[in-house]
Structures are given as structure tokens and as C-alpha cells.
Amino acid sequence: MERIIEKKQNNRSEILDKIVSLAKRRGFVFQSSEIYGGLNGCWDYGPLGVELLRNINEEWWKTMTYRDDVEGLDASILMHPKVWEASGHVENFTDPMVDCKQCKARFRVDLLSEMINEKKKAKALEDLRNEIINDSKLVDKYSNAFQTEDPFSAVLEDQDLSTKLLQQINCPQCGNKNTFTSARQFNLMFKTFIGPVEDSGAVVYLRPETAQGIFVNFLNVQSSSRQKLPFGIAQVGKAFRNEINTKNFLFRTREFEQMEMQFFVKPADDKKWYDYWKAERLQWFKDLGMTENKLRYHDHPKEKLAHYAKEATDIEYEFPFGWGEVEGIHNRTNFDLSRHEEYSGKSLKYFDEESKEKFIPYIIETSAGASRSFMAFLVDAYYEEEVKGEMRTVLKFHSRLAPIKAAILPLVNKDGMPEISQRIEKDLRKDFKVFYDDKGAVGRRYRRQDEVGTPFCITVDTQTLDDQTVTVRERDSMEQVRIRIDNVSSYLNDKLKF
Ligand code: ATP
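Residues numbered from 1 in each chain as written. Predicted model: local features only at pLDDT ≥ 70, side-chain atom pairs only at ≥ 80, totals over all residues. Heavy atoms only, no water.

Which residues make up the site of the ligand, and what are the values?
Close to the ligand lie 15 residues; Arg-241, Glu-243, Arg-252, Thr-253 and Glu-325 are nearest. In the environment of the ligand, an oxygen atom lies 2.7 Å from a nitrogen or oxygen atom belonging to the side chain of Arg-252. Residue Thr-253 places a main-chain N or O atom 2.8 Å away from a nitrogen atom belonging to the ligand. Among the secondary structure elements, those contributing two or more residues to the shell around the ligand are β10 (255-265), β13 (322-333) and β16 (362-369). When residues in the shell around the ligand are grouped by element, the largest group, 4 residues, is from β13. For the shell around the ligand, the per-class residue count stands at 4 nonpolar, 5 polar and 6 charged. (Near = heavy atom within 4 Å. Polar contact = N/O pair within 3.5 Å; in protein donor to acceptor, adjacent residues only side chain to side chain. Helix = DSSP H or I, 4+ residues; strand = E, 2+ residues; numbered from the N terminus. Nonpolar A, V, L, I, M, F, W, Y, C, P; charged D, E, K, R; others polar.)

This is how it looks when you write it as C-alpha cells:
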């Protein structure tokens, strides 16, 4: 068997289209409000999708909180508006955007580089150089941009050069030149109002990240759970960002789920714990079967660090459209707790009984997207294989993530086979998400289960009637073993353990 999708390097968008279409056809993901034409950047998880998402959340929750130094939390989505002033989101959570005056399309300036091909970028940069040739200040800035890995993006990031470069670029949507407005900062937080009066005093925000709920509860959790440093607080929940451009299916959406953990440490221990969590988090993806060479770290260079961060890395996955972040690990220093202390007027200091010192802990953050991880696990599991001259599509999910753990199939609909199968189904349902299917040839039923990633198919056949055994077919190897009906449940239990 061969992994055909790996050969189709030049056909990456076709693969994504196939995955999106499978996701819809088999009930993983639907467009939000589809019958009304959809709502951009929002998606609904169907019967199988919600199982996969819950399994990802569950695996994360177990790994992160079934340990003695991490506690769980579920903070509310709406928070006091001052939280977002203290966090810096009101002031800084912005992206630069431009509109095309011709076709009205809107773009995030920092993402334009990904939308324009290399030849056009080189041409635009050359035209810009000719235009600024007599302005030595701009020429210096231009040369500095060429010291970086991505000169085009570096030029776009510079306020003076950016406006001029935008005049040289053709709009990626309508192709017209010199049609961009100048760049404006756009705050990504969704605003709403609390109570009946829609005035500025009633403004609240849908949280753009779950982390702040953890920071403001630091002392509540610490004192109620009697934790000592180092310890962490973990939370899974929805976050909302009014992204300028949503794209690539679940990769960048306006409503999504995060799985975040903030680990509070003594300042002197920050490096040790940063390195520890960096390694742990990559391992989590690997342990759940993600292809190793499609995972990598992207360490942020010092000059690109967010204002609060001392060190940061992204765990990236190689999606069909290229490498993209699935999780960020940051050393946030004492920035967050200091700011909340300042804005709330309440002390958030920790008293260390050993040294008798009072101080604000440092925070090491692990911030993963549940929906982005969902997409990475889905893409990674997708294979098209040739088996005995026929193609099969199979989702090779780790069995812990698979939405359905086993399918029970009577070989034929007679001779008592359906009754035995239903008894097995009823028994397994107590512990596992299983599926009963008696429609069509058994080979086709196997294929239907392969396509949704069911790791085991249990078939009741003629021999079952004689000796109370069934076959169990394993999805990836397609090998079959015969086991006693009494042992099916413990067999599955064993196989679903790590
Ligand atoms: P990006 O640069 O891709 O916008 P970010 O650096 O702003 O992401 P963080 O604020 O670090 O992302 O958020 C942590 C995680 O939340 C990301 O690694 C990603 O998995 C997820 N995430 C962030 N924004 C979105 C989004 N719009 N849609 C889906 N997931 C998201």
C-alpha cells in the first residue's frame, strides 16, 4: 500500500477540497447557517465532528490536568471590560488592513505576502526601489528589509515604505493596480452590550482568548486548591476574533476553541519550565499519531516577540497549503499578573513560604487551538490507498481520537446474525461509541467505516453461530483476528489504551 497523497505535491488544494467535501458528506463539519448561504468564518461540527473534537479536548484535558500540579477552570466568556484594557487587547489587538477601492475586497496587510506570487513580489519591490531611489532615509530602510528572511513582508511592516509598496501591488482579487486604501488598524475583538442600554458604558467583549480568565482567577485557584509554585491552570473554551480574512477551512475562523494552560513559576525557573512545556506539547501531538516530519517548532526571533513575551515558539503542522501554527508556547514573564494588579488595584502576589518572599510569578503559557488541531488531525489522517486494484479513502485517526471506535456488522441479515450483532452492539454501547450497519455488501461497509476512521469492524458470520466467535478487522492493516464474543469488550479496551 502506498500513501498516494504524498506524491501529489503539486495538487495540494485538491486534497484540501477532498477533505472538506468528505467532512461535509460524512458529517464532520458543516458550514454555519448553510441554508441561509453560510456565515463567513463560522463552522458547525456534525455528529462525527463533535465526537472527534470532544476526543481531542478530552485527550488534552487528561494530559494536562490529570497531574498533581495543574488545576482545571471554566471561566465565563464575557468578562469585565477592564480585563481587556489591562491585557492590552483594547489598545493592541489589532491587525493592519486595506481595502481594494475597485472590488471592495479587504485584506490583512501582513498576509498579503502569502497571496502574491514571488515574481510579482520581486517586480513590486523593484518598482518601489526605483521610486524611492533619491530618498536616502527610505533607501536605508529598504536595504534593512533585505537583511531579513522575507523582505516583502518586512517592507509591508514599515509604515513609510508600506504605503508606497501597496501602490505597486495588484489586488489579489480583481488584479487592478494602485487600488488599495492606506492601511488602517482594525481591532479584532467582537463588541456587544450588557443589559438593555446600548451605550459605551455597557460595552463588553467576546473573549478573544481564554487565557485572561485564568490570569484573573490565579489567586482564587491557588488558594482554594492550596497549590504551591510551580503549578498551572488549564481551560478549554470558545474564543472569538473578528478576523479580517478567514481562510483554509477551520484554520482561521471567527469563532473557535482554544485549549490553554498557564503555568505559574518562580521567575528564576522560567527557562527550565519553558523548555519542559515546549517538549511536552510537541510530544502530545506525536503521541496521538501525528506524522512526525509534519511537525516542527518555529522559534520567534527576539525582535519579533510580542510585547509581553521573553521567549516564544510555535508548534507548526504542514497543512496542504503550507506550514501553520497549531499551538504557541510563550514565556509571558510577570506581564499579565502585573497588569491585572495595576488595573484592578488588587494584589496578585504570591507568598513563598520557604523564602518568605512575596512576588509576582512568571507564566509559561501553552496555547493550542482545538479547532485548528482538529483540522491538523483530520488532514494528517487522510489517506488514499490502492487495495487490490481498488482505491480506498481512509482516515487513520489514532484510535483514541476516532469518532466511532467499532462497527458491528452481521455478514447477512438472516440466520440469527442480526440478533447476535445487536446483542454485541448493546453491550459495547455502555462503554464505547459504536455503530451498527447491516446495509450492503460487507466490503462496502468496511470502506464506509474506513472513510470515517473507525479502527475496528466486528463481523458476525456463519462461524459465529457454531463457536460464538467474531472477526475483528483492523482499519489500517486490514488484518482480521477471531476472538470470542465474551472478549470483544476487553479486546477493545486494551486496544484503546495508550
Ligand atoms: P495566528 O498568527 O495564526 O493568527 P495567533 O498567534 O494570533 O495565531 P494565538 O493568539 O497564539 O494565535 O492563539 C493560540 C492558538 O489559538 C493558535 O495557535 C491557534 O491554534 C488558535 N487560533 C488563533 N486564532 C485562531 C483563529 N482565528 N481560528 C482558529 N484558531 C485560532
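Back to the text.
Mind laying out the sheet that holds β13, listing which residues take part and the relevant values?
Here 7 strands make up an open sheet; going across it, the order is β3-β9-β10-β16-β13-β12-β11 and the pairing mixed. Edge positions in the open sheet fall to β3 (70-72) and β11 (295-299), since each of these has one partner strand only. Sheet twist, expressed as the mean angle between neighbouring strand axes with direction ignored, is 25°. Judged from the 10 bridges that link them, strand β9 (residues 231-240) and β10 form a sheet pairing that is antiparallel. Bridge pairing in β10 links Gln-235 to Glu-260. Against the sheet, helix α14 (residues 335-344) contacts β10, β13 and β16, and its axis sits at roughly 60° relative to β13. (Pairing = 2+ DSSP bridges. Axes fitted to C-alpha atoms, helices over the stretch in contact; angles between N-to-C directions. Contact = heavy atoms within 4.5 Å.)

Give me the lowdown on the side chain of Glu-257, citing residues and values where you can.
Structurally, the position occupied by Glu-257 is in strand β10. If we ignore the near neighbours within four places in the chain, the residues touching Glu-257 are Leu-53, Asn-57, Val-236, Gly-237, Lys-238, Ala-368, Gly-369, Ala-370 and Ser-371.

Kindly report on unusual backbone geometry, identifying the contributing residues and their values.
Residue Pro-230 is reached from Leu-229 by a cis peptide bond, and omega for that bond is -5°. Turning to its location among the elements, Pro-230 is positioned in the loop between α12 (218-225) and β9. Backbone geometry places Thr-333, a non-glycine residue, at a positive phi of 50°. You can call Thr-333 buried: its relative accessible area is 14%. Although it is not a glycine, Asp-415 sits at a positive phi angle of roughly 60°. (Buried < 20%, exposed > 50% of the residue type's maximum accessible area, 1.4 Å probe, protein only.)

Now, about the packing of helix α3 (residues 47-65) against helix α15 (residues 370-381): what can you tell me, with residues and values included?
Taken N-terminus to C-terminus, the directions of α3 and α15 make an angle of 110°; their axes are 10 Å apart at the nearest point. What the angle tells us is that α3 and α15 run roughly perpendicular. The hand of the α3/α15 crossing is right-handed. Contacts between α3 and α15 involve Gly-49, Leu-52, Leu-53, Ile-56 and Asn-57 from the first element and Ala-370, Ser-373, Phe-374 and Phe-377 from the second. (Parallel < 35°, antiparallel > 145°, perpendicular 65-115°, else oblique. Left-handed = near helix turned anticlockwise from the far one by under 90°.)

An account of the nonpolar core is needed here, citing residue identities and associated values.
In terms of nonpolar packing, the biggest core is built from 55 residues, with Phe-28 and Phe-374 touching the most fellow members. Ranked by residue count, the leading element in this core is α15, at 8 residues. Of all hydrophobic cores here, the second largest spans 23 residues; its members include Cys-100, Phe-107, Leu-138 and Cys-171. (Core = buried A, V, L, I, M, F, W, Y, C linked by side-chain atoms within 4.5 Å.)

Such coordinate-based values are descriptive only and should not be taken to indicate function.
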